[in-house]
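In case you want the letters, here they are:
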Amino acid sequence: MRVAGMEVPIIGSDSIKWIDLTVPSSLNHFENGGNNNAAATTFSPPTVDSASATYFDDGDTAFYLIWRIHKSQSNALEIFKLSQEFPHNTGLRLSFSHPLAFIAAFPTNSHYLLYTVTVSGIVYFIKLFKDLTSILSRDQIIELDVRAFSSSNEPITCIAANPGCVLLGRTDGSVTCFQLGSLHQTAPGFVYELRDDSGVSLGRLLGFMSRGRVVGAVQDLIIREVHGKKILFALHHDGILRAWDLLSHSRILSHAMAVPTSIEGATSTRLWFGQPNNDSNIVPLAILYKSTLEVGMEVVYVYSLSYCTGDKMILSVDSSVKSFPVNEGGCIDVKLTSDKIWILKVNGLAYYHLISGCTMNEARYYALQEEFIADQLFQSLEHTSDDLISTIYSIFSSEKDHIVPFVSSLYLHRLLHPGVYHNTVLRATFLDYSKHWTDNEFQLLTVDGLKKEILSLVETESMAESPISIFQGWKNFCCRYFEYWCKNNSPYALILRSSDVVGLIRKHSVSSFRSLENTELLIDGLSEDPGDLVGFGLDLFDDYSDREILFEVLRCVINISQQLGKTASVIFYESFVGRQIISSNDIIARLVKILETGYGSLTRIGHVSGLGADVAWEREQIDHKNLRKFSVDMLLSLHDLYKKAASWKKVLDVIEIYLQFLVPQKFTENSGAETLSCLNNSILVQASCQIGKVMFESALDILLLASYLMNMGGQINMTHDDISRIQVELVPMIEEIISEWLIVLFFSTTPSESPAIEDFSSQLSLLQIDSKINKRSWREKLGKCDFTLASLLLLNNQSSSGYERHLSFGCLPNPHNVISSVQKFTSWIAWGNTGEVSSSFMRRSTELAIVLLRHGQYDAVEYLLTTVEANARGERISRSIQDTSGDWCLLQHLLGCCLVAQTQHELHAILRGRKVCEAVSCFFRAASGEGASQALQSLSDEAGLPYLGFNGHVSAAWKLHYYQWAMQLFEQYNLSEGACQFALAALEQVDGLHLGGDGYERNPSDESTTTIKGRLWANIFKLTLDLNLLNDAYCAIISNPDEESKYICLRRFIIVLYESGAIKVLLRISLFVWSKYSLSVSLEIVSYVCVCVCVYIYICFLIAFSWLDPILTEAIAAG
């Protein structure tokens, strides 16, 4: 069964805000009394986990009205809308006095009609407000005890409803209809029965019921509109399908369905109908058969129901039957269209084409989220946690002290990964560790808070701080988490709008589905003919021989991937987004070493301490055997590849062309708001995460192959030129592709940062950028796991473009449209709205950084810009770091702004000082680069950053202005040490300033050089005084050329010294003033001297009888 796609969870659908209401009841549910109470409370089928969705489109809005009931909470009914804004809207949770057996909801133009049936036989008819905030009127709640209308008290086996009526199937094969909501309970015709009885009219007139032949119990009921008529279809236990016209109450079909012979003791249990095709007058229907003798044997039969219209509706079942064995995993739900059948099983979603003869080989399979969760948390057979620790021990053999924090960071990132993190699941896991939370307490936890709580629990359980102990603690936590995820998020039902648009309702979430990207299809289809590569989007190769070469190259790539497992990409990605212990180049080199020599000796020591000597020895033998097999297979494959291509140059040419397939696509049209608005943002972000992960892993596998080829060059006839080409051309190209996809992954998986309380940028933006979309602020979403950086960028882009989202795809997207939207989104991330390649990816990164800065995402900005800078410094892109475009200067400027803002967080003093030093360096580098003035002037105040405010091009002028701006920025954040450095730097620019120039937005000729220097030295005095650097403050005073400014600073300095009790320094100042100005005739100077002398005499008086300081003696002698 080929994989055609995978589930895409709608992030945040696990945390719907519920409005809780209790439905009042006036009926006595135990009126039978005595020993009949148990029977009374189980008059209807028991509660089962179930859900359903009804589509509604009034022209302005389109949505699904979804309801859910849980066996574990059988008294509660959840109702919510799946719309374009989901999951930002609220849901309604109704509590009933008894467990529920059946739910049906129908939208109208003004409200919703709700029918519920309890297991005790009480039917409720309720009207709900369209905003799902309350019941329309409690006085209008209608209750009906169906037992009062049943003389024989035949138990109910199944239930169906339609606006205006409720139908109950019973064990005796009859169907009772209550016209609840359309007639009063006392009105004639309020209740009637549909049954196969002979002499019905005469029997009823005589007061008794005349029985015909015995019919089986009703197994399932479905109401469908066929050519304008409401038809009730009833499936009976004996395999009979009956149909009734609800308007005339007449039976129009009774047909014995073909029972499967492949299953012994087959019994019909469920019935599904597709939509009628009025052109062919055919309705597809499906019946689920289960074996009564063998557990797990199930098959779905699909029939064609023909109908003829005229004076009388005529129905007939065609003799042709198609069967679809369920095989592994029980059948949960089935949906039908005119040409497809969708079967939801425990282990996946499969669909088959109905038009042509369909066999199992033609089936298409959609992977469920359980598979993704198992892969992420190392719970699958192919991706175990033991493989992870083996690889980590080998890579970090010389950095053993860093293993524990690296492992903890890795597991935390994967647990809080979008699509993995689940509110209900995490709380259930916490309970195993005796950690209890109230709803409000848990909702207040940010990402950082969750990390601290999880890490605390794991470390407490592990007790010891050894890597193996911590690793075992994480292994246990993830195992429990995965078990609870499968239990608390099990699939309930499918949502189907058309033959291609499908969704999934789970116990605590909702999902969509997407098709596979071409790279995923390629990897899945490598066992096929290489000539079919064009079908995977690889139309870059015109020559069949090139396709054959690529086919063999990809086989080698898969061999490497299988040998290392998925742990290689996991560790590489964690070193990118988490703790970077060693460089990415070192990680690649050590991974290649594992391919060549196997795991290191430290790995075996770890296994002995964690698994025991015997198990460790057995694993070591298996590893050695796998390594020998891999080495031989790879050597033979590479020799065959060389022979097929005739030269390694040809192979490298093919690889280089294939790399174009991995580069994020470029779209020339607007890839921003107009394109991306068609899709629910949650689906788009999660799908981008899934596809980005595949593309990153594919590029990383190619990089590993390239590195492996360089090491094996001598054994596979590679020339020095071939190796040089790999090292100089291919490796940098691959690394750039990896970096681009890592940035996409980083945005899609990294939760947004909680805004600081006094965050100027968040106050500037007010975080209302999505006001046109959901009419509410999403400030409260910042810092939550389900609101990633990509979500923030999308909302900002849609708002800034002024484009309202529309429902071109409805509330659920077509699986193929998801892929095209993801491609446009990744194009927008990498290249911007136009799709044109700008001067560099560095420029695009600064554009994204400005948006993130505006909304207080400082950690993300630092990470993004430092990563891009590191790639540039490593010459991973084919250009100089500092070019005339000023991109590098702009990057440094934004990074400096980010680092300054980060100092306002609760940081350790050492870390805070480091941030200040780095910020100072960034601003100096920004001012020193080529094209700096033009690039920095391109920043507008709309970016949410402090406005620079200069427009000149004179070097000294704009640098003076820039350094003064930086000084003021540091002053604003009370970072005097940084501000002081830029004040000194500004002083250096004054001498080179031509007063007649136009270097200022404000004319510099209004100020003299003395005035400018005086102002700067006054700032230096103030800053050094704040830092308690008294000597430096004193130097600033005497260096100030502006006499007026100098005297003001001197007065302030003396006051501060006097108030702080700095006696010795004050005495030195007095001596200086007296000696320098004793011969001056200026009255101002004499007044200052008098003040100093008076202070001096006062101090001498205070200390005259205590001690005699040498400085005091010197002062008296000088006096």
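Residues numbered from 1 in each chain as written. Predicted model: local features only at pLDDT ≥ 70, side-chain atom pairs only at ≥ 80, totals over all residues. Heavy atoms only, no water.

K.L.:
Whenever I open this one, the overall build of the chain confuses me. Can you help?
P.N.:
When helices and strands are counted, the chain shows 36 helices and 29 strands. Long-range pairs, those at least 24 residues apart, make up 64% of the contacts in the chain with a sequence separation of at least 6. On the chain, roughly 47,500 Å² of surface is accessible, and the fraction owed to carbon and sulfur atoms is 52%. (Helix = DSSP H or I, 4+ residues; strand = E, 2+ residues; numbered from the N terminus. Contact = heavy atoms within 4.5 Å. Areas by Shrake-Rupley, 256 points an atom, 1.4 Å probe, with all protein chains shown as cover.)

K.L.:
Is there a simple way to think about the pattern of salt bridges in this case?
P.N.:
Opposite charge on two side chains permits pairing when their charged atoms draw close. As enumerated under the stated definition, the model contains 30 salt bridges in all. For the salt bridge of R506 with E370, the shortest nitrogen-to-oxygen distance reads 2.7 Å. With R506 in strand 28 (residues 502-506) and E370 in helix 3 (residues 369-376), this pair connects stretches of sequence that are 136 residues apart. Side by side, R506 and E370 carry an identical accessibility label, which is buried. The shortest N-O distance in the salt bridge between K693 and E697 comes to 2.9 Å. Remark: E697 and K693 occur in helix 18 (residues 681-711); sequence separation between them is four residues, near one turn of the helix. (Salt bridge = Lys/Arg side-chain N within 4 Å of Asp/Glu carboxyl O. Buried < 20%, exposed > 50% of the residue type's maximum accessible area, 1.4 Å probe, protein only.)

K.L.:
Would you explain the packing of aromatic side chains in this entry?
P.N.:
In this description, a pair of aromatic rings is defined by centroid distance and the angle of the planes. Applying the stated criterion across every chain yields a total of 47 aromatic pairs. Taking the centre distance of 5.5 Å and the plane angle of 75 degrees together, the rings of F149 and F178 count as edge-to-face. Residue F149 is located in the loop between strand 10 (142-145) and strand 11 (156-162), and its partner F178 is located in strand 13 (residues 175-178); the two are separated by 29 residues in the primary sequence. Residue F178 is classed as buried on the basis of its relative accessible area, which comes to 1%. Ring pairing ties together the aromatic residues F923, F924, W958, Y962, Y963, W965, F970 and F982, which thus form one cluster. Across from the ring centre of W831, 4.4 Å away, lies the NZ or CZ of K666, which sits over that ring. The cationic tip of R844 hangs over the ring face of W828; the distance from NZ or CZ to the ring centre is 5.0 Å. (Phe/Tyr/Trp six-rings, centres within 6.5 Å; stacked < 30°, edge-to-face > 60°. Lys NZ or Arg CZ within 6 Å of the ring centre and 35° of its normal.)

K.L.:
Whenever I open this one, the sheet that holds strand 13 confuses me. Can you help?
P.N.:
Spatial ordering of the open sheet is given by 11-12-13-14, a layout of four strands whose pairing is antiparallel. Two strands in the sheet have a free side with no partner beyond their single neighbour: strand 11 and strand 14 (191-194). Across this sheet, the average inter-strand angle for adjacent strands is 20 degrees, counted without regard to direction. For strand 13 and strand 14, the ladder comprises four bridges, and the chain directions are antiparallel. Within strand 14, the residue paired with F178 across the bridge is V191. (Pairing = 2+ DSSP bridges. Axes fitted to C-alpha atoms, helices over the stretch in contact; angles between N-to-C directions.)

K.L.:
I keep staring at the environment of A956 and nothing clicks. Help me out?
P.N.:
Along the chain, A956 falls in helix 29 (residues 955-972). Here the alpha-carbon distance between A956 and A986, two residues 30 residues apart in the chain, equals 9.1 Å.

K.L.:
Can you walk me through the pairing of strand 13 in this structure?
P.N.:
Of the two faces of strand 13, both are covered, the one formed by V175 and C177 as well as the one formed by T176 and F178. Here strand 12 (residues 165-170) folds back onto strand 13, and the loop between the two strands holds four residues, one of which, G173, carries a positive phi near 90 degrees.

K.L.:
Is there a simple way to explain unusual backbone geometry in this structure?
P.N.:
Even without being a glycine, S434 presents a positive backbone phi close to 60 degrees. On the secondary structure map, S434 appears in the loop between helix 6 (423-432) and helix 7 (439-443). The exposure class of S434 is exposed, given its relative accessible area of 58%. One non-glycine residue, N1028, adopts positive backbone phi at about 65 degrees. Within the secondary structure, N1028 is located in the loop between helix 31 (1009-1026) and helix 32 (1030-1039).

K.L.:
For this particular structure, what's the right way to read helix 33 (residues 1043-1060)?
P.N.:
Residues lying three or four places apart along an α-helix face the same way, a consequence of the helix completing one turn every 3.6 residues. Taking 1.5 Å per residue as the helical rise, helix 33 with its 18 residues ought to reach 26 Å, and the 25 Å between its terminal C-alpha atoms agrees with that figure. Residues of helix 33 that are buried: S1045, K1046, Y1047, C1049, L1050, F1053, I1054, V1056 and L1057. Capping of helix 33 at its N-terminal end is provided by D1042; its side-chain oxygen lies 3.2 Å from the backbone amide nitrogen of E1044. (Expected span 1.5 Å × (residues − 1). Polar contact = N/O pair within 3.5 Å; in protein donor to acceptor, adjacent residues only side chain to side chain.)

K.L.:
What is the right way to read the nonpolar core from this model?
P.N.:
Nonpolar side chains tend toward joint burial in soluble globular proteins. Residues L82, I454, F747 and F970 are the most contacted members of the largest nonpolar core, which totals 221 residues. Ranked by residue count, the leading element in this core is helix 18, at 17 residues. Setting aside residues up to four positions removed in sequence, L82 forms contacts with I10, F63, Y64, I66, I495, V510, C811 and L812. Grouped together as the second largest cluster of nonpolar side chains are 26 residues, L235, L253, Y301 and Y307 included. (Core = buried A, V, L, I, M, F, W, Y, C linked by side-chain atoms within 4.5 Å.)

K.L.:
I keep staring at the packing of helix 12 (residues 567-577) against helix 19 (residues 720-749) and nothing clicks. Help me out?
P.N.:
For any two helices packed against each other, the geometry comes down to the angle between their axes and how far apart the axes lie. For the pair helix 12 and helix 19, the least separation of the axes is 11 Å and the interaxial angle reads 70 degrees. Between helix 12 and helix 19, the angle falls in the class roughly perpendicular. Contacts between helix 12 and helix 19 involve F572, Y573, F576 and V577 from the first element and I738, L742, I743, L745, F746 and T749 from the second. For the contact of helix 12 with helix 19, the class distribution of residues is nine nonpolar, one polar and no charged. (Parallel < 35°, antiparallel > 145°, perpendicular 65-115°, else oblique. Nonpolar A, V, L, I, M, F, W, Y, C, P; charged D, E, K, R; others polar.)

K.L.:
Would you explain the sheet that holds strand 17 (residues 240-245) in this entry?
P.N.:
Backbone hydrogen bonds are what pair the strands of a sheet, in a parallel or an antiparallel way. As summarised here, the arrangement of the four strands in space is 15-16-17-18, forming an open sheet in which the pairing is antiparallel. Bordering the open sheet on either side are strand 15 (218-226) and strand 18 (250-256), each of which pairs with just one other strand. In this sheet, neighbouring strand axes are inclined to one another by 20 degrees on average, regardless of whether the strands run parallel or antiparallel. Sheet analysis places strand 17 next to strand 18, joined by six bridges and oriented antiparallel. Residue pairing across strands places L241 opposite H255, the latter belonging to strand 18.

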